[in-house]
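Observations on chain architecture
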Amino acid sequence: RPSIVVLASGSGSNLQALIDASRERDYPGEIIAVGCNKPGAFALERAAQANIPTFVVNHKDYGSREEFDGALMAELRRYNPDLIVLAGFMRILTDDFVQAFRGKMLNIHPSLLPAYTGLNTHQRVLEAGDKLHGVSVHFVTEELDGGPVIAQADVKVKPDDTPETLAERVQKKEHLLYPIVVSWFCEGRIQLGAHSVLFDGEPLSQPMRL
Ligand code: GAR
């Protein structure tokens, strides 16, 4: 089975969804390690509970983005995974780092990209009065939250939503979507082409919809 390292910074609910999925008998990938940039993050506890090795590269121990990424890269090289899955990993990665893992790194982002890159997406969707929100899984490229989108899931915005209620419904979709997209990668069905996602060898004209 292709090997996966998951990188997380926070509660790790997406990590948990991936752990649960990868325990299914036919799941095509195996999580071999979990890395984190925050020493006390709950994601580390989830990994430990599942007997998955963990490592911490604390960004506060490094003077620059380049040094932090260098240390992270060294850990990743030890595991040499087929795929790196960013699951709420809240660090901006350097171009060198991204290029080193081109086509082998996925991210999940809580919006219907290309709308609302960056932070506080739920709040911004509400402020804009949008009726539709959602989640995207994309290949990581040098452009922040800008890599080709593989798949999306919609969430309807309700009139009485708060950023918290919206986030909760978006996360439910995240937990369904991410294990599916990761399984496609592990089965060799998705690849990063020159400018687009290749699905079963054909360029995707639009993201897959859950
Ligand atoms: C998720 O909602 C993910 O989409 C978001 O962080 C959350 C992590 O939750 N990611 C980003 O905002 C990336 N810019 P989790 O730690 O419970 O999986």
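Cut-off values and rules
Residues numbered from 1 in each chain as written. Predicted model: local features only at pLDDT ≥ 70, side-chain atom pairs only at ≥ 80, totals over all residues. Heavy atoms only, no water. UniProt positions renumbered as here; feature names shortened; annotations may be inferred. Axes fitted to C-alpha atoms, helices over the stretch in contact; angles between N-to-C directions. Helix = DSSP H or I, 4+ residues; strand = E, 2+ residues; numbered from the N terminus. Parallel < 35°, antiparallel > 145°, perpendicular 65-115°, else oblique. Left-handed = near helix turned anticlockwise from the far one by under 90°. Contact = heavy atoms within 4.5 Å. Nonpolar A, V, L, I, M, F, W, Y, C, P; charged D, E, K, R; others polar. Near = heavy atom within 4 Å. Polar contact = N/O pair within 3.5 Å; in protein donor to acceptor, adjacent residues only side chain to side chain. Areas by Shrake-Rupley, 256 points an atom, 1.4 Å probe, with all protein chains shown as cover. 1 Å grid on protein atoms, 1.4 Å probe; cavity = no way out; pocket = protein on both sides within 12 Å on 5 of 7 lines; lining within 4 Å. Sits in = over half its atoms within 2 Å of the grid points.

Named according to an unreviewed UniProt entry, the protein is Phosphoribosylglycinamide formyltransferase originating from Marinobacter persicus. Quoted verbatim from the Sequence similarities (unreviewed entry) field of UniProt, the annotation for the protein is "Belongs to the GART family." Taken from UniProt, the Function (unreviewed entry) comment for the protein reads in full: "Catalyzes the transfer of a formyl group from 10-formyltetrahydrofolate to 5-phospho-ribosyl-glycinamide (GAR), producing 5-phospho-ribosyl-N-formylglycinamide (FGAR) and tetrahydrofolate."

Remark: helix H1 (residues 13-22) packs on helix H2 (residues 42-49), axes separated minimally by 9 Å, with the N-to-C direction vectors making an angle of 15°. Here H2 runs roughly parallel to H1, going by the angle between their axes. Relative to H2, the crossing made by H1 is right-handed. Counting all contacts with H1, which are made through Ser13, Leu15, Gln16 and Ile19, the residues of H2 involved are Ala43, Arg46 and Ala47. Partitioning the contact of H1 with H2 into residue classes produces 4 nonpolar, 2 polar and 1 charged.

Further remarks concern the site of the ligand. All residues in the neighbourhood of the ligand are listed as Ser11, Gly12, Ser13, Asn14, Gly88, Met90, Ile108, His109, Pro110, Gln171 and Glu174. Separating an oxygen atom of the ligand from a backbone N or O atom of Gly12 is a distance of 2.8 Å. In the environment of the ligand, an oxygen atom lies 2.8 Å from a nitrogen or oxygen atom belonging to the side chain of Gln171. Protein coverage of the free-state accessible area of the ligand, which is 450 Å², stands at 87%. When each cavity is represented as a set of grid points, the ligand is found to reside in the largest pocket. If you list the elements that add at least two residues to the shell around the ligand, you get H1, strand E5 (105-109) and helix H6 (163-186). Partitioned by chemical class, the residues of the shell around the ligand number 3 nonpolar, 7 polar and 1 charged.

Now for the UniProt feature "binding site: (6R)-10-formyltetrahydrofolate" (unreviewed entry) in the protein. The positions that UniProt labels "binding site: (6R)-10-formyltetrahydrofolate" (unreviewed entry) are, in the present scheme, Arg65, Met90, Arg91, Ile92, Leu93 and Asn107. Within the annotated group just given, the residues that line the largest pocket are Met90, Arg91, Ile92, Leu93 and Asn107. For Leu93, the location among the structural elements is in the loop between strand E4 (83-86) and helix H4 (95-100). As for its placement among the helices and strands, Asn107 is situated in strand E5.

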